[in-house]
Structures are given as C-alpha cells and as structure tokens.
Amino acid sequence: MTKKAWGGRFESNPESWVDAFNASIHFDKNLIDQDIQGSIAHATMLAEQNIIQNDEAELIIQGLKEIKQDYYNNNLELSESLEDIHLNVEHALIQKIGQVGGKLHTGRSRNDQVATDMHLYTKENVQEIIKLVEALQKSIITIADDHIHTIMPGYTHLQRAQPISFAHHIMTYFWMLERDKSRFNDSIKRIDINPLGAAALSGTTHPIDRHRTQELLGFSSLYENSLDAVSDRDYIVETLHNISLTMVHLSRFAEEIIFWSTDEAKFVTLSDSFSTGSSIMPQKKNPDMAELIRGKVGRTTGYLMSMLVTLKGLPLAYNKDMQEDKEGLFDAIHTIKGSLRIFEGMITSMQVNKDRLNETVHKDFSNATELADYLVEQNIPFREAHEIVGKIVLWCIQNGKYLLDVPLEQYQSYNNKIESNVYDYLKPENCLSRRKSYGSTGQESVQHQINVAKELI
C-alpha cells in the first residue's frame, strides 16, 4: 500500500473502502494544471528566499513539468490511497527526483494549496465564460440587425399583446447577457486573490514571500488573513450563482425558441444540426438542444444550493466538507460553457420566418391598444377609450373580424370621432414606427439600441 503523507501518527492504514470514500482524485485531477502552476511558483519563491537551494528548485520545477507531460501522455498513475491531486503529484515528484521532492511542501499545506488551485481554476474559467457570453451577444446583434423591420406579436401572459420588432424581442436577451457578463467581470476581483502561504490556517514560520507568489501566479491581491484564505469559498458560491442566473436566462430564451419552432407558431425553423428526430414518429423534428439547456438549469441551481448548505454551519478554518466545492463547480462550468456554445450555433443557424410573423400580426388583436391611443388623441379619456375598444373587439370576435376589417360605419357606431385614417393607424408597421420613446420597439429606437450594443461589445 502507498505510504500516507500523514501516516506518521497512525498505527494502521484506513480500510480500502474508507480510502475510496475519502479520495477526491477522480474529480480533482481536473486541477492538475493549476496544482503544478502553483507548485512551480512556490518552489521558485522558496529558492529566492533561500529556504531551499537553487539547484533543488530547478530539479523540482523540471520534475513538475515532466509530471504534467506524463499526465497528458497517460503515463501518470493516480492512486485513491493518495487521496487527491496534490499528494499524487507530490508522490510522483519524489519518485521521479528523489527525496528532494519532499522539500516542495515546505511552508505550505494542502489547505492553502487547494485554495490556490481553485482560485486559479475559477478565474481561468470565468474569463472563458465571459468570452462565450460575448460571442453569443454578437450573434444576437447580427440577427437583430437583419430583423429591425420584421414584425411579430409581443406577448404578456403568453397572450398576444402588441406588435413588436423581432429585433427588439431578441435584443432583450443581449441585455440579460450583458448583466450576466457584468456580474462575471465584477466577480473576478473576488476570485483573483492569492491564498498561497496561509498554510494550514495560521501561516508559517518559514520566511516565505507571499507577494512574490502573488506576482508569479498573476493574482491581483492576496488574503490579509490566513484563516480567511483557507476557509473562503464565497467566490465559488458567487460563481455558481452567476452561472445559475445566466443559465436561467438561457432557459428563458430556449423556451421561446421551443415555442417559436412549434407547428402552432412556425415563427422560426431550427437547423437540422441542432434538432433531433423520434425513434417512432418519422415526421418529428424536436428542439432537443433548447430543451436540454432548459433542463440543465436544475443541476446548476442545485449545485448553488448544495454549496450554500455545505458552508452554512462550518467553523473556521478548513474542514473536509469543503471537498464538496469541486464537483458541482466543475460540472456547472462545463454545463454553461457547453450551453453557450450550443446556443450560439442554434440561433445563428435558425431561419426566421418573416412571412409567418407578418401574417400573425394581421390576424390578431395586438393593435387594440393603438385604437385606444387613437381615441385618446381625439380627446377621449383613456379609460373611456379602453371601454369602447373592448366592445369593438368583442364585436369582431362575434363576427369573425379583426380591427383592420371593421367597416368605418361600424367604428363610428361606437364613436363618431373615428375617421378613415384609423386604418393607417392600425397597420402593424405603423404601430411600431410611432413608438419613439427611448428603449421602445420603434424601428428608430431599436436601431439606436443595436448601435449602443455594438459599442459595448
């Protein structure tokens, strides 16, 4: 059996099944790049501080680089009995270069080591997520640019409400993602902190230089309190929250795509590349990618809740419970990165059915508010105008008509201030063009919105 790094105080080794339960190597091997990066910085600093010899540091650093290469060449044997990636790397290093490899752990603990790895891993992946969010935003802008004049029904309560620009609708998700991107960017300053050198919880008696490892690892600041350094997982909670909220926004967008692609709506047609079929119904074309993204919100939100519950009763400083911070974060990051890539491809390749959208806004009552506003312009109080239009809509429903089909005489029977210009007023394209308030669905306003978005990108 492999010798334990902490075995000196123990008379016997744990049972094999205890080793398996205790081990995290099957998932924290994801941290090997960050673990070796942190160890190289630590060894460099130890030599600069004359804590180890320069030739020892060079031997350690070369050994670490070879171990990383061994890992990616599938030549590194990882053992559950060594628990985690840190001890596996250290064991491999000692096997490779001899007992001098044991000097690497001078002035640090696995507690600050794993915290360093997780900070580096989270920072790197949050920066990647930001790039993927921005790529999706660019795709949204491209679609919006092409559909400023494409009119569709806007909804409230999933009921037709008012005509809007398709560009205006899809740009809503640009702004949701812009807030998501802002949250991720803001979180980096709380991720980009160096915990290395806090050791187990109280620092170390060795004359280490934490500012030097901060510089070598590219952290923008360091923890002022060693207890805080090894026990802080706020940045993981925050990252999981930001991932969960972004996934909620993608889920809302996915729900729209799913509805728009139904035979009942036919607003968009999804590419075959982002759809699947049925094993029994040959005619089916299912929006499975959108549905999968919608479904994955449950798991990312679950990881957030799990992390909060794990932390809520923990005393300072490090506790083994904190091992539970990794699997959820790893999977949440994998999930959101995949979802963002899929979403970009899905919406970039989908076809917007302009004719179908135009047909829908000519066969509904989404221009009813326009008629009420028309009456207000004739000096009729809005509440009275609302009542009049409601009665006209009821007449239309009873007679199989829409507002553009109502004869002028019928309009005038409800109010004699209604004139023939009402029909121009009710045309969907004019419903949009009259909306000039900042941030509205009017074509000019939408064009301005897109221009602002381009500047932000």
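Here the residue numbering is sequential within each chain, running from 1 through the sequence in written order. Local features are withheld for residues below a pLDDT of 70 in this predicted model, meaning they are given only at 70 or higher, and side-chain atom pairs are given and counted only at 80 or more; totals for whole chains, interfaces and linings count all residues. Calculation of side-chain values draws on the structure's entire complement of heavy atoms; hydrogens and water are dropped beforehand.

The name recorded for the protein chain in an unreviewed UniProt entry is Argininosuccinate lyase, from Mammaliicoccus fleurettii. UniProt positions are given in the numbering used here, feature names are shortened, and annotations may be inferred rather than shown by experiment. The Catalytic activity (unreviewed entry) field of the UniProt record for the protein chain holds the comment "2-(N(omega)-L-arginino)succinate = fumarate + L-arginine". Quoted verbatim from the Sequence similarities (unreviewed entry) field of UniProt, the annotation for the protein chain is "Belongs to the lyase 1 family. Argininosuccinate lyase subfamily."

Trainee: Where do I start with the overall build of the protein chain in this structure?
Mentor: Starting at the N terminus, helices and strands are each numbered in turn, a helix being any DSSP run of H or I of at least four residues and a strand any DSSP run of E of at least two. For the protein chain, the count of helices and strands is 19 helices and six strands. C-alpha atoms define the radius of gyration in this analysis, and the globule rule sets the expected value at 2.2 Å times the number of residues to the power 0.38. Its C-alpha radius of gyration of 31 Å places the protein chain more than 25% over the 23 Å reference for a compact globule of 457 residues. When its C-alpha atoms are laid out on the principal axes, the protein chain stretches across 100 × 50 × 40 Å. Buried means the residue's accessible area, taken with a 1.4 Å probe over protein chains only, is under 20% of the maximum for its type, while exposed means over 50%, and partly exposed covers the values in between. Out of the 457 residues in the protein chain, the part that is buried amounts to 49%. The contact rule is simple, with two residues in contact once any of their heavy atoms fall within 4.5 Å. The contacts of the protein chain with a sequence gap of at least 6 include a subset with a gap of at least 24, amounting to 75%. Using the Shrake-Rupley algorithm and a 1.4 Å probe, accessible areas are obtained, with residue cover drawn only from the displayed protein chains. Of the roughly 22,100 Å² of accessible surface on the protein chain, a fraction of 49% belongs to carbon and sulfur atoms. For the purpose of charge, His is not counted, nor are the chain termini; Lys and Arg are scored as positive and Asp and Glu as negative. Taken as the charge location is NZ of Lys, CZ of Arg, CG of Asp or CD of Glu. Positive and negative side-chain charges in the protein chain, numbering 46 and 63 respectively, have mean positions lying 3 Å apart.

Trainee: Help me understand the UniProt feature "domain: Argininosuccinate lyase C-terminal" (unreviewed entry) in the protein chain in this model?
Mentor: Under the UniProt annotation, the feature "domain: Argininosuccinate lyase C-terminal" (unreviewed entry) is placed at residues 365-432. Taken as a whole, residues 365-432 contains 66% helix and 0% strand, while its terminal C-alpha atoms sit 15 Å from one another.

Trainee: Teacher, can you tell me more about the layout of surface pockets here?
Mentor: Taking a probe equal in size to a water molecule and rolling it over the atoms shows the remaining empty space. Definitions used throughout: a 1 Å grid over protein atoms alone; a cavity as a set of points that fits a 1.4 Å probe which cannot get out; a pocket as an open set with protein on both sides within 12 Å along at least five of seven lines; a lining residue as one with an atom within 4 Å of a point. Grid points are joined across faces, edges and corners, and a volume is the space filled by probe spheres set on the points. Of the voids in this model, the largest pocket is the one considered here, and its volume is about 360 Å³. Considering the residues around the largest pocket, the lining is formed by 16 residues, among which Ser 261, Thr 262, Asp 263, Lys 285 and Asn 286 are closest to the centre. A class-by-class count of the residues in the lining of the largest pocket yields four nonpolar, seven polar and five charged. Note on residue categories: nonpolar means Ala, Val, Leu, Ile, Met, Phe, Trp, Tyr, Cys or Pro, charged means Asp, Glu, Lys or Arg, and polar means any other residue, Gly included.

Trainee: Please clarify how the packing of helix H6 (residues 110-146) against helix H7 (residues 166-191) should be interpreted in this entry.
Mentor: What describes two packed helices is the angle between their axes and the distance between those same axes. Packing of H6 against H7 leaves a shortest axis separation of 9 Å and a crossing angle of 165°. In terms of their interaxial angle, H6 and H7 are classed as roughly antiparallel. Considering only the axes of H6 and H7, their crossing is left-handed. For the contact of H6 with H7, the class distribution of residues is 19 nonpolar, six polar and five charged. Only the stretch in contact is used when a helix axis is fitted, and all axes are lines through C-alpha atoms; the angle between N-to-C directions ranges over 0 to 180 degrees. Here is the rule for angles: anything less than 35 degrees is roughly parallel, anything more than 145 is roughly antiparallel, 65 through 115 is roughly perpendicular, and the remaining ranges are oblique. Handedness of each helix crossing follows the sense of rotation of the near helix against the far helix: counterclockwise by less than a right angle gives left-handed, clockwise gives right-handed.

Trainee: Just checking my understanding: could you explain the nonpolar core for this structure?
Mentor: Note on soluble globular proteins: their nonpolar side chains tend to be buried together. To define a nonpolar core, start from buried Ala, Val, Leu, Ile, Met, Phe, Trp, Tyr and Cys residues and group those joined through side-chain atoms within 4.5 Å. Counting 96 residues, the largest nonpolar core has Ile 140, Phe 166, Ile 257, Phe 343, Ile 347 and Met 350 as the members making the most contacts within it. Among the elements that line this core, the one with the most residues is H6, at 13 residues. If we ignore the near neighbours within four places in the chain, the residues touching Phe 166 are Ile 143, His 147, Thr 150, Met 152, Trp 260, Val 268, Met 350, Val 352 and Leu 357. One finds Leu 371, Ile 392, Trp 395 and Val 422 within the second-largest nonpolar core, a separate group that totals 20 residues.

Trainee: Sorry if this is basic, but what is going on with empty space enclosed by the protein here?
Mentor: One pass over the full model with this rule turns up one cavity of 30 Å³ or more. Each pocket or cavity is described by its volume, and for the largest cavity that value is around 30 Å³. Every residue along the wall of the largest cavity is listed here: Val 361, His 362, Asp 364, Asn 367, Tyr 402, Leu 403 and Leu 404. Among the residues forming the lining of the largest cavity, the class breakdown is four nonpolar, two polar and one charged.

Trainee: I would appreciate a short explanation of H6 in the present structure.
Mentor: A turn of α-helix holds 3.6 residues, and therefore any two residues three or four places apart point the same way. Across its 37 residues, H6 extends 54 Å between first and last C-alpha, which sits within 8% of the 54 Å expected from 1.5 Å per residue. Most of H6 is tucked away, with 26 of its 37 residues classed as buried. Identification of polar contacts relies on pairs of N or O atoms within 3.5 Å, with a donor-acceptor requirement for protein atoms, meaning one able to donate a hydrogen and the other able to accept it, and with residues adjacent in sequence counted only if both atoms are side-chain atoms. Where H6 begins, the capping side chain belongs to Ser 109, and its oxygen is found 2.9 Å from the backbone nitrogen of Asn 111. In this analysis, the expected span of each helix is defined as 1.5 Å times one less than the number of residues it contains.

Trainee: Looking at this model, I keep getting lost on the environment of Pro 14. Mind explaining?
Mentor: Relative to the elements of secondary structure, Pro 14 occurs in the segment before helix H1 (16-22). Placed 67 residues apart in sequence, Pro 14 and Ser 81 show a C-alpha to C-alpha distance of 9.1 Å.

Trainee: How should the pattern of salt bridges be read in this particular structure?
Mentor: Once the charged atoms of two side chains with opposite charge are near each other, the side chains can pair. What counts as a salt bridge is simple: a side-chain nitrogen of Lys or Arg found within 4 Å of a carboxyl oxygen of Asp or Glu. For the coordinates displayed, the defined rule picks out 30 salt bridges. A salt bridge links Glu 134 to Lys 181, with the nearest nitrogen and oxygen atoms 2.8 Å apart. Linking Glu 134 in helix H6 with Lys 181 in helix H7, this pair joins segments that are 47 residues apart in sequence. Accessibility expressed as a relative area gives 23% for Glu 134, which makes it partly exposed. Two residues, Glu 444 and Lys 436, come together in a salt bridge whose shortest N-O distance is 3.8 Å. Assigned by exposure class, Glu 444 and Lys 436 land together as exposed. Salt bridges sharing partners connect three or more residues here, namely Glu 83, Asp 84, Arg 110 and Lys 320.

Trainee: Would you mind showing me how to read the packing of helix H3 (residues 32-48) against helix H4 (residues 54-72) here?
Mentor: Contact geometry for H3 and H4: axes closest at 9 Å, N-to-C directions at 175°. It follows that H3 is roughly antiparallel to H4 by the angle criterion. On H4, the residues touching Ile 32, Asp 33, Ile 36, Ser 39, Ile 40, Ala 43, Thr 44 and Ala 47 of H3 are Asn 54, Ala 57, Ile 60, Ile 61, Leu 64, Lys 65, Ile 67, Lys 68, Tyr 71 and Tyr 72.

Trainee: Looking at this structure, how should I read a nonpolar patch on the surface?
Mentor: Among the surface-exposed residues, Leu 201, Leu 227 and Leu 316 lie close enough to one another that they form a single nonpolar patch of about 270 Å² accessible area. Tracing the chain through its elements places Leu 316 in the loop between helix H11 (288-311) and helix H12 (325-349). For Leu 316, a relative accessible area of 64% translates into the label exposed. What goes into a patch is any residue over 30% in relative accessible area without a salt bridge, connected to like charges within 9 Å or, for nonpolar side chains (Val, Leu, Ile, Met, Phe, Trp, Tyr), within 5 Å.

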